[in-house]
Amino acid sequence: MKQLCCPLNGLRNISEFLYGGEYHAKPDQISCSARDWAEHVFFDENNAGLVIEWWCHLPTSYWFLVERNTVSDEILRSFPCSDIYKQRDDSPASASRDKGGQGE
Amino acid sequence: MDQSPLTLVPGSLLRRSPLYRRHAETGASFRQVDDCAVPYRFRSHQEDTDMARQLGLVDLCGLTKVGYKGPGASLWLGQEGLLLPAEPNLAVLQPDGMLVARLSLDEFLVLRNLESDSSLICDMESAWSLDSAVQTYLLPRRDSHCWLAVVGAEARQMLSKICAINLHLDEFPNLKIAQTIIADLSVIIIRHDLGLTPCFYLLADVALTEYLWEVLQDAMDEFAGATVGLAALLTLKTLLVESSK
Amino acid sequence: MTRLPLRPVTRVVKVSDNRLPPPYGLRLQRQETVRFSFDGKRFTGFSGDTVASALAASDQWLLSRSFKYHRPRGVLTMAGQDANTLVQLSANPNVQADVHPITADLQVSAQNVSGSLDRDRFAWLGYLSRFLPVAFYYKAFFRPKGIWQLWARLIRKYAGLGRIDAGFEPDRYDKQYCFYDVVVVGGGPAGLSAAATAAAAGAKVLLVDENPELGGSLNYTEFPLDNLRCMALGQQLIDNVVDHALIDIKTNAVCNGWFADNWLGVVGGRRLFKVRAKQVIMCMGSLEQAAVFRNNDLPGIMMSSAALRLIHLYAVRPGRKGVVLCGNWDGYRCALALVEAGVEVQTLVDLRAKPKVSHPLLEKVEALGIRIRFQQFVSQALASSQGHHLAAVEVRQFDSADACSGALLGCDLLVMAVGYTPAYQLACQAGALVSYDETAETFVVNNLPHDCHIAGSMNSVWKLDNVIADGAAAAQRALSGLDMLRNEVSIRAYEEEQSPNFSWPIFPHKRGMEFVDFDEDLQVEDIINAVKDGYEHVQLVKRYSTAGMGPSQGRHSALTIARLVATERGITVSETGVSTARPPYSAELLAHSAGRSFFPARRSHMHYRHIELGAQMMQAGAWYRPAFYGPEQHQHTLVQEEARNIRTNVGIIDLSTLGGIEVRGVDAAEFLNRIYTYGFIKQPVGKARYALQVNEAGAIIDDGVACRLHRDHFYVTATTGGVDGVVRSMLKWNAQWRLSVDIANVTSAFCAINIAGPNARSVLKTLCQDVDLEDAAFPYMGVRQGTIKDIGLRLIRVGFVGELGYELHAPQQYGEALWDMLMNAGSAHGLAPFGVEAQRLLRLEKGHIIVGQDTDAMTNPLEVQMGWALARAKPFFVGSRSLQELEKSGLKRVLAGFIIQGQSASVPLEGHLVVDKGAITGRVTSCHYSQTLKAVIGLAYVPVQQGVAGQSISIKVEDGALVSAQIVELPFFDPDNLRQRV
């Protein structure tokens, strides 16, 4: 059985993990075209080579990211989400309130 | 050790372990710990203790435990006077025997000691409020998780049949924690040796207590292990004191 | 122990003089005699004997009949590598007689035999071989359509293997996880050396060997030129590993599979060990190969290693009069051993030319008076008059074209020493490739992954000193991978004698019966014809001809097939290659791969109360839930009665399975606002709101209510099956947003009971004194915290069954006590428990959808008439952009309520189709008979224009009949929701 290294729990059998899809940067859902939005929601790159993926360690519900070579199935590194998402996201495309605090 | 007959009926208390029926059926005698009946003995005290030295399974669901989580948790717990593990997946024994387990950078699990009172853990719980404990969130671990113990010289051998984590002492020393999957369910394993006797606490979703219990009993079968009561654990603990004298 | 009754004894076989004196017989405990039976005849052997060795000692060489032609077969490898020795035990079929130990009163019988082993009724099939060409199944039995079903039954009778015992006694097999720095597979000299070297550097080592004792070939190989030193070396190797603190030894254990990241399946006894190794060293040795000539399958013809195993391990003289056929010096070594063991060896047939410089082995053999025939081969073997055993071999000169020039040599034993293949199977599972060394005429294993190593003869290293050095070198490479090596690894080339592989030990005969694959009775012609039929690739040859598909998995046929296919196609053996090796390496019992079946069944704290009340429990996701209370056969009446009681009195249902999530922190409201479709920023403390979750595509994934208990604290419910996914998705979103909020799944921390019905308030009032339950103080969708007898409660006033109702959420371990208190307090008010079935009916009457039942993976809120749950003013929530696009493009279907008047109408089931003029236009998602409404009611997806009240739809029900239903406005019952607001 394949193993995966969780940044919190260390090396574990792959059966302890849930695959969470490919990581890719989100388009701005307010300004992007419908086409771009559909690409984001329904399509993955499915690149033959290096990809970054979401994985969740099930016993701890811990989400992290993994860099993997889809050709050799070699896992190059796994790292916490905070390496990419460094700060609070209040961008208009993510926040539920506009600046006046109106959101209902 | 108190040898007086124990006549507590577990159903007479409001709080009940999900396993109390099984214990009653197998002739357990119970003792009230906090507000719950805990199986105290299944055979004579000596027999229970001898069994536990080889391989025993103990239901500690009745004992108090609580979780704290959040970016402020370590600060708040420190202010409450607890010693905290330096990194995730380690536990620290408190002076009064309480165990503080660090499950992640900002999540802690506090397990009551086995013998004396639980006043400290209860005081902490009543001191906590969303407003007073900044970015610290209480988790109702006492109700969300069962607490079982696998104890005895053969505990590791037995667990190696169902647990894919290397529990060898070199890799998994006393007070080490693993959060893993056993028999398709998420389990927190904490090694907490009782004196010289290996002991593993297993905590899992309380709705799966009976399932986990059956899995463990099945795995124990070939080792001739059995269910033992809290009294045996207390005795094993004291053996450390004797042997270290 | 009770003794099994023996079958009637037909004849007592006299013990022959095949048994050699000590010290022959490493595995035997001669003080212990064991009696057993074979095919109804009684035999005796020693403890430590295998079935085949004990029989051979009694001159019983015939063990089985072959798969296709029912040809007589006997010992070939004596190592459990072939199908010749498959026998039937009383409880187990397909047991390898050459490795299975005899035990007292063991009952063994021959397999695939019609009539008796000696006189098999199907033996004439061999004469038909001309008419049974390769792949004849495919060619003969496909027409007319369906005919195969008839043929299959007949053919299986002819080519049957063992019988399984349907009345077997279950036995306990188990699994175990193990962890090592280094796992060494194979306990021969290379493996012993590797294990000792690795352990000496501090690595934790597991040494696995399939034999009962360590030593591998040291236990039976001959070192006629250097015997004392070699034996001493061997003993030293064993002493180095036995009782070493860092080395665990598993003998009688087979490493049957390599899986990703060095995860090994090791089968030993009644255990399957799942071994995780940081480094693997495979020292699995080589498999000796058969020469291919006419009748090469006769009992009495065996590998030279098989003869040596019989002699040294079991003290069995492999024959009286022997001939050696060889293409290497191992044949000479074997000849010397045979003579020493009392076999009369007159001739050694050497396929090679006479060496220009003499060889000490040659001199030794000649000194014994054995005639060496260089550059000759065995052209065919001849059977005894009964046809069961070798009687003579015909030997010819290589260059002789004359058909009459063959010399006939009488013998009852022919040993073959013509070459080996490395045991590459496990290495190939790990990703290694097999190529062909054209100089050494042998397969070689290469391209191993960085954490797998090979050593010894598997690595084409043969001389004992070299093998030991090679094992140590492999261990050093492994140690280097573990960062445990102090010195540099030195790469050495070993000086070896001439390759033991003869280039072409294949001698086709015009009358055939030169077997390439013994398991499947495949002859040289079959392989060549497979290629001629167009199946050129070795993988296709395998599938077309079935070569290598038998129990020995090509161990003895892969090399010959590769050579034949290469020659036929005019390509190299390397280019031809071998077919893929997959686990398991050797046969394993189903019991080893079976074992515990884990179904983590979740039980509520009130589980046993339901059972005591006679509930029929059903599985809802991973939970057990009461479907209804009472005998199963009265389901319809009981469910209707439970529902009626709620509409008229009061009922309680165990809702502990409901998901519960604590969302806390200064951003809690903002977080929910982003996750759910509705608005939560201005939700007052003490109020609950419906919470609908869609995914980024706008499809509904879950629903619940969000209760605001504090400015920064929401308690959110979720569906039973959905909560884990909901929590995971929340955590994933917040890993990206990084809001100051804590998300905790507290599903199991709370038990929950819903008390519903006109009398709900009266019952609750008697128990809960610290909350004002009157409608003015605690209105519909209110949330309060209170207590019942010291039990802290969260009370939510909901109306999901359309009646006055309260959800009580309490710490889990109080569940049973809380249930009891409600049952007691309610007895004066007509309270009765109700189950999932009644709840579904009541919810349907109110038109409430159940996520997962009334929705599918594409359902969006607009289709299920829940546009009201979308806070369109919010600039963002998960899925908002998709919903905007969906709204723009217009709806294709809607979920509408339908009603079928009258009690006699047949009730459509979930999944039944809505049809319109023969075309499918939709489907039913929920449907029940409602006693309250005296009608069948349901929900169905229908086209938008049909989903208007007053329209009529047709539903195709169970027997194909069409039932007409009317679309109505939802809800079906109490449209103004007055009952839940009292």
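Along each chain, numbering runs from 1 in the same order as the chain's sequence is written. Following the order in which they are written, the chains are lettered starting with A and the ligands numbered starting with 1. Local features in a predicted model are, by the rule used here, given only for residues with pLDDT of at least 70; side-chain atom pairs are given and counted only at 80 or more, and totals for whole chains, interfaces and linings are based on all residues. The basis for every side-chain value is the complete set of heavy atoms in the structure, and neither hydrogens nor water enter the calculation.

## With respect to unusual backbone geometry
Residues and elements named next belong to chain C.
- Of the consecutive residues Pro-583 and Pro-584, the connecting peptide bond is found in the cis state with omega at 0°.
- Inspection of the secondary structure puts Pro-584 in the loop between helix 14 (573-576) and helix 15 (590-593).
- Along the chain, Leu-970 connects to Pro-971 via a cis peptide bond; the corresponding omega equals -10°.
- Working definition: helices are DSSP H or I runs of at least four residues, strands are E runs of at least two. Numbering for both runs from the N terminus. Checked against the element boundaries, Pro-971 lands in the segment after strand 47 (962-968).
- Within the chain, Asp-105 stands out as a residue other than glycine whose phi angle is a positive 60°.
- Among the structural elements, Asp-105 can be located in the loop between strand 6 (95-96) and strand 7 (106-110).

## Here we look at the interface of chain B and chain C
- In what follows, residue pairs with any heavy atoms lying within 4.5 Å of each other are defined as contacts. On the chain C side, the residues contacting the 45 residues of chain B number 42 residues.
- Simply put, the buried area is the total loss of 1.4 Å probe accessible area from both parts when two parts are fitted together. It is Leu14(B), Arg16(B) and Arg21(B) in chain B that bury the most area against chain C; as a group they hold 17% of the surface buried on that side.
- Within this document, salt bridges are pairs made up of a side-chain nitrogen of Lys or Arg and a carboxyl oxygen of Asp or Glu, the two lying within 4 Å of each other. Counting the contacts that link chain B with chain C gives 12 salt bridges.
- Between Arg603(C) and Glu210(B) there is a salt bridge, and its shortest N-O distance comes to 3.8 Å.
- In protein, a polar contact requires one atom able to donate a hydrogen and another able to accept it; more generally it is a pair of N or O atoms within 3.5 Å, and residues adjacent in sequence count only if both atoms are side-chain atoms. Scanning the region where chain B abuts chain C turns up 27 residue pairs in polar contact (both at pLDDT 80 or more).
- Of all elements in the fold, only helix 1 (20-25), strand 8 (137-139), helix 5 (141-144) and helix 7 (209-220) of chain B reach the threshold of two or more residues within the side of chain B that touches chain C.
- A per-element tally of the side of chain B that touches chain C places helix 7 of chain B first, with six residues.
- For this classification, Asp, Glu, Lys and Arg are treated as charged, while Ala, Val, Leu, Ile, Met, Phe, Trp, Tyr, Cys and Pro are nonpolar and the rest, including Gly, are polar. Here the residues of the side of chain B that touches chain C are counted per class, giving 21 nonpolar, seven polar and 17 charged.

## Some thoughts on the packing of aromatic side chains
- Only centres within 6.5 Å qualify two rings of Phe, Tyr or Trp (six-membered ring in Trp) as a pair; their planes then separate them into stacked at under 30 degrees, edge-to-face at over 60, and tilted for everything else. Summed over the entire model, instances satisfying the criterion amount to 29 aromatic pairs over all chains.
- With 6.1 Å between their ring centres and 90° between their planes, Trp737(C) and Phe876(C) make a pair best called edge-to-face. Of this pair, Trp737(C) sits in helix 19 (residues 723-737) while Phe876(C) sits in the loop between helix 22 (836-845) and helix 23 (880-889), and the two are 139 residues apart along the sequence. Accessibility classification places Trp737(C) together with Phe876(C) in one group, the buried group.
- Chaining the aromatic ring pairs together yields one cluster made of Tyr23(A), Trp54(A), Trp63(A) and Tyr85(A).
- Its guanidinium or amino end placed over the ring of Tyr814(C), Arg15(B) lies 4.6 Å from that ring's centre, counting from NZ or CZ.
- Lying over the aromatic face of Tyr941(C), Arg893(C) brings its terminal NZ or CZ to 4.0 Å of the ring centre. Exposure categories follow from relative accessible area, calculated using a 1.4 Å probe and restricted to protein chains: below 20% of the type maximum is buried, above 50% is exposed, and the middle band is partly exposed. Each ring is checked for a lysine NZ or an arginine CZ that lies within 6 Å of its centre and within 35 degrees of its normal; such an atom marks a charge sitting over the ring.

## Notes on the sheet that holds strand 5 (residues 90-93) of chain B
Residues and elements named next belong to chain B.
- The sheet built from five strands is open, its strands ordered 5-6-7-4-8 with antiparallel pairing. On the outer flanks of this sheet lie strand 5 and strand 8, each paired with one strand and no other. Averaged over all adjacent pairs, the angle separating strand axes in this sheet is 25°, with direction ignored.
- Pairing of strand 6 (residues 99-104) with strand 7 (residues 107-111) involves five bridges; the strand directions are antiparallel. The residue bridging Ala-101 from the neighbouring strand is Leu-109, located in strand 7.
- Axis definition: a line fitted to C-alpha atoms, limited for helices to the stretch in contact. Angles are taken between N-to-C directions and run from 0 to 180 degrees. Together, strand 4 (65-69), strand 7 and strand 8 form the strand contacts of helix 4 (residues 119-127), whose direction differs from that of strand 4 by roughly 45°. When DSSP locates at least two bridges between a pair of strands, those strands are taken to pair.

## As for the environment of Asp239(C)
- Tracing the backbone shows Asp239(C) in helix 5 (residues 227-241).
- Spatially, the C-alpha atoms of Asp239(C) and Glu575(C) are 44 Å apart, while their sequence positions differ by 336 residues.

## Overview of the interface of chain A and chain C
- Contact residues are listed per partner, giving 39 residues for chain A and 36 residues for chain C.
- Around 3,300 Å² of area is buried between chain A and chain C when both sides are counted, 49% of it from carbon and sulfur atoms.
- Across the contact surface, chain A and chain C share two salt bridges.
- When the shortest N-O distance is used, the salt bridge between Arg674(C) and Asp90(A) registers 2.9 Å.
- Counting residues per element, the ones that place at least two in the side of chain A that touches chain C are strand 3 (17-22), helix 1 (34-42) and strand 4 (50-57) of chain A.
- Counting residues per element, the side of chain A that touches chain C draws most heavily on helix 1 of chain A, at five residues.
- Of the residues assigned to the side of chain A that touches chain C, the class counts are 17 nonpolar, 13 polar and nine charged.

## As for the pattern of salt bridges
Residues and elements named next belong to chain C.
- If you walk through the whole model with that rule in mind, you get 67 salt bridges over all chains.
- Notably, a salt bridge pairs Asp-330 with Arg-333, separated by 2.6 Å at the nearest N-O pair. Taken together, the positions of Asp-330 and Arg-333, both in helix 7 (residues 329-340) and three residues apart, correspond to about one turn of that helix.
- The exposure class of Asp-330 is buried, given its relative accessible area of 19%.
- Residue Arg-333 is classed as buried on the basis of its relative accessible area, which comes to 16%.
- Two residues, Glu-885 and Arg-881, come together in a salt bridge whose shortest N-O distance is 2.9 Å.

## A look at a nonpolar patch on the surface
Residue and element names in this part refer to chain C.
- Residues with no salt bridge and a relative accessible area higher than 30% make up the patches, which join like charges within 9 Å and nonpolar side chains (Val, Leu, Ile, Met, Phe, Trp, Tyr) within 5 Å. All accessible areas in this document rest on Shrake-Rupley with a 1.4 Å probe, and a residue is counted as covered only by the protein chains that are shown. Side chains of Trp-148, Trp-151 and Leu-154 sit close together on the surface and give an oily, nonpolar patch of about 270 Å² of accessible area.
- Among the structural elements, Trp-151 can be located in helix 3 (residues 147-158).
- Residue Trp-151 is classed as partly exposed on the basis of its relative accessible area of 34%.

## Some words on the side chain of Ser305(C)
- The topology assignment puts Ser305(C) in helix 6 (residues 304-314).
- Ignoring any residue separated from it by four or fewer positions in sequence, one finds Ser305(C) in contact with Tyr220(C) and Glu288(C).

What is shown is where atoms sit, not what they do.
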